[in-house]
Amino acid sequence: MKQIDYTQLHPELFGKMTRQGAFLTTKGACGRLNTMTIGWGSVGYYWRRPVFTCVVRQSRFTDRQLKENPVFTVSVPKDGSLDKALAFCGSKSGRDEDKFTACQLTAQPGQKVDCPVIGEAWLHFECRVVARTLLDEDALAPEIMEGFYKDHDMHVAYYGEILACYVNE
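What counts, and at which threshold
- Residues numbered from 1 in each chain as written.
- Predicted model: local features only at pLDDT ≥ 70, side-chain atom pairs only at ≥ 80, totals over all residues.
- Heavy atoms only, no water.
- Phe/Tyr/Trp six-rings, centres within 6.5 Å; stacked < 30°, edge-to-face > 60°.
- Helix = DSSP H or I, 4+ residues; strand = E, 2+ residues; numbered from the N terminus.
- Buried < 20%, exposed > 50% of the residue type's maximum accessible area, 1.4 Å probe, protein only.
- Lys NZ or Arg CZ within 6 Å of the ring centre and 35° of its normal.
- Pairing = 2+ DSSP bridges.

## Side note on the packing of aromatic side chains
Under the definition given, this model contains six aromatic pairs. Between the aromatic rings of Phe52 and Phe72, the centroid separation amounts to 6.5 Å while the plane-to-plane angle is 75°, which identifies the pairing as edge-to-face. One end of the pair, Phe52, is in strand β5 (residues 49-57); the other, Phe72, is in strand β6 (residues 71-76), and 20 residues separate them in sequence. A relative accessible area of 1% places Phe52 in the buried class. In this structure Phe72 comes out as buried when scored by relative accessible area, which is 0%. For the cation-ring pair, Lys78 lies above Trp122, with the distance from its terminal atom to the ring centre recorded as 4.2 Å.

In structure tokens form, the structure reads like this:
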């Protein structure tokens, strides 16, 4: 592992998120692991700290896990070798599936948080939730509501302070 500045690989992160996605991993209070595919997220600076912001629909198992244990990791694959796992983890619920077993993913212990990273991935963020907010239907542009929230299953925005950022060499 090589520690890096959280901004160092921002262009690569942005490209991976918009094309293939990344893994958002959580660990519930009972120790149950889950990972889901995310394609929306951002890295920024809030409250005098580096922050990874991701959104999770409130109906998702991941949302429950984040409320139980407010830490998460984001693991970004370097190449297409995890595309099948990303597709699976983006289409199955952690309520019903052990995605780590199904996809043969390695739960590598986090360095700073009690939640693993995906060992086969390249770039990792370890985060502690410092804020969360439910997106307000009335605050969104009508075309966003129409395009993404017809069923009113709104996203919760999670702001995670980045405690560690590193790459597998």
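## A look at the pairing of β5
Where burial is concerned, most of β5 is hidden: eight out of the nine residues are buried. A loop of two residues connects strand β4 (residues 41-46) with β5, the two strands running antiparallel in sequence, and Trp47 in this loop sits at a positive phi of about 50°. Examined bridge by bridge, β5 and strand β10 (residues 155-167) share seven bridges and lie antiparallel to one another. Its bridge partner lying in β10, Arg57 is registered against His155.

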